[in-house]
Amino acid sequence: MTLAPFDPDVRDRDVIVFSKGPSFTTQIDSVLKTQGWAGGQGVQWTDDPTSDTFIVTVSHGLPGGFLVWGSNESADQYISYTENQPTYSFATYCFGTWTISTRTYELYTLASRTAGPLVLNNYVVGEPLYFSLRGLFTNQDESGLGFVVGSVMQVPNGTLNLNYLGVSTQT
Amino acid sequence: MFVIDFKGIDLLRSRDCVVFSKGDAYAVTVSQAMLDGGWVGGQGVQWGPYTDPDSPILTYSSGLFGGFMLWGSDETADQFTAMSSQFLYYDYGVVMAGRSIMSTLAFEKYTYASRLSGPPYVPITYNPCDPLFMSLRGYWTNQDELTLSGDPRAPALYCGLVSQVPKAVNQFYLGVQTKL
């Protein structure tokens, strides 16, 4: 096996945790189970009238939390964890205040994603973050609901942090 | 021999407030009003005026938020843990604050307007992710009663959101993700 050159700032997962907040193991709905998700995916609570189990689905702008591990990350292969979460219909839900670095955020503005051509989002340290209409961290309030879920802790930089977005969460 | 009937449910709700993910907890003195009136688990509380210079005191929330009482003052389940009326006897309670996920009976079932003018009482419909506030008597509700009542302290603090709606399979408990 060939190892990649050592990077002192290792980012081998969708979400890297620097400071941990509360977490809770919860069931996922059929949408998440079917389409999968990346680590850092924003989720919101949903309801199943026939079940007493707490269930989350993809956020459409409402607050809730994020899923710390993706449903099928390549790093799972090294810890006997491949597709463990979708197979058993669960995920690890994180809420409250975390400090993380993630590649699960909106790269482009809502308007340009809708109409094109694509225009990069320009992230600035300290600005508020929301969940986009598909549950990714973004600095645009796409839903218009105004629920702040965190702020930018570190801006994406291709040289320094592999274009991960640093987030201080607040959900 | 005592036999507890759990009614076939797979998640036990044998208390007023059931905690799934724990926030920060603190044992604190409670006000005379709470000692006289008692409280249910999940009751919202706010900090009250000191009677002793260095003893923080909690009292019923009147729309503000300082946390919620983890255990009620006289729950049936206390009989099985040798805790009956312990809080009232020793003049204290356990408040939980910060982030937690819990399920409670201490929420408003009816709208503020209908509680004032009713009957008939109009049930509140809770939806997943609804913002939650403290009602004027310290119960969880999705209505900003400080604003509805014209209270100068309005708007109410956004102190939680609905993580599970009340329904038959959860014994009509409200699931709450607390925020403050």
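Here, the structure is the one placed above.
Below is a short write-up of the structure.

The rules behind each value
- Residues numbered from 1 in each chain as written.
- Chains lettered and ligands numbered in written order.
- Predicted model: local features only at pLDDT ≥ 70, side-chain atom pairs only at ≥ 80, totals over all residues.
- Pairing = 2+ DSSP bridges.
- Helix = DSSP H or I, 4+ residues; strand = E, 2+ residues; numbered from the N terminus.
- Core = buried A, V, L, I, M, F, W, Y, C linked by C-beta atoms within 7 Å.
- Buried ≥ 20, exposed ≤ 12 C-beta atoms within 10 Å, placed from the backbone.
- Contact = placed C-beta atoms within 7 Å.
- Axes fitted to C-alpha atoms, helices over the stretch in contact; angles between N-to-C directions.
- Nonpolar A, V, L, I, M, F, W, Y, C, P; charged D, E, K, R; others polar.

### Topic: the sheet that holds strand β10 (residues 150-154) of chain A
All names here are of chain A.
Next, step 1: Here 6 strands make up an open sheet; going across it, the order is β1-β7-β11-β10-β8-β9 and the pairing antiparallel. The open sheet has two edge strands, β1 (15-19) and β9 (137-138), and neither has a second partner.
Next, step 2: Of the pairings in the sheet, the one linking strand β7 (residues 99-102) to strand β11 (residues 165-169) comprises 4 bridges and is antiparallel in character. Along β11, the bridge assignment pairs Ile100 with Val167.

### Remarks on the nonpolar core
Next, step 1: Counting 72 residues, the largest nonpolar core has Leu67 of chain A together with Val162 of chain B as its most contacted members.
Next, step 2: With residues up to four places along the chain from it excluded, the contact list for Val162 of chain B reads Trp45 of chain A together with Tyr126, Asn127, Pro128, Cys129, Asp130, Leu132, Leu174, Gly175 and Val176 of chain B.

### Topic: the environment of Glu106 of chain A
All names here are of chain A.
Next, step 1: With respect to the helices and strands, the residue Glu106 is situated in the loop between β7 and α3 (110-115).
Next, step 2: In this structure the C-alpha to C-alpha distance between Glu106 and Gly42, which are 64 residues apart in sequence, comes to 12 Å.
Next, step 3: Those residues in contact with Glu106 that lie beyond four places of it in its chain are Asn121, Ser132, Leu136 and Thr138.

### Here we look at the sheet that holds strand β4 (residues 55-58) of chain A
Next, step 1: Strand order in the closed barrel formed by 5 strands is β2-β4-β3-β5-β6 (chain A), and the pairing between neighbours is mixed. Mean inter-strand twist for the sheet, computed between neighbouring axes without regard to direction, equals 55°.

### What to know about the interface of chain B and chain A
Next, step 1: Of the residues lining the interface, 19 residues belong to chain B; the matching set on chain A comes to 17 residues.
Next, step 2: Of all the secondary structure elements, the ones that give two or more residues to the side of chain B that touches chain A are β1 (17-21), β10 (160-164) and β11 (174-178) of chain B.
Next, step 3: At 4 residues, β10 of chain B tops the list of elements feeding residues into the side of chain B that touches chain A.
Next, step 4: Class assignment of the residues belonging to the side of chain B that touches chain A gives a composition of 10 nonpolar, 6 polar and 3 charged.

### Some details on the pairing of β10 of chain A
Where a strand is regular, its side chains alternate between the two sheet faces.
Residues and elements named next belong to chain A.
Next, step 1: Where strand β8 (residues 128-131) and β10 come together, 2 bridges link them in antiparallel fashion. Along β10, the bridge assignment pairs Pro128 with Ser151.
Next, step 2: Pairing of β10 with β11 involves 4 bridges; the strand directions are antiparallel. From the neighbouring strand, Gln154 faces β11, where its bridge partner is Gly166.

### Brief notes about unusual backbone geometry
Next, step 1: That bond from Pro119 of chain B to Pro120 of chain B is cis: its omega, 10°, falls within 30 degrees of zero.
Next, step 2: Locating Pro120 of chain B in the fold gives a position in the loop between α3 (112-117) and β8 (131-134).
Next, step 3: For the bond running from Ala154 of chain B to Pro155 of chain B, omega is 0°, close enough to zero to count as cis.
Next, step 4: Considering the arrangement of structural elements, one finds Pro155 of chain B in the loop between α4 (145-148) and β10.
Next, step 5: Positive phi, normally seen in glycine, also occurs at Leu162 of chain A, with a value near 55°.
Next, step 6: Along the polypeptide, Leu162 of chain A turns up in the loop between β10 and β11.
Next, step 7: Even without being a glycine, Ala82 of chain B presents a positive backbone phi close to 55°.

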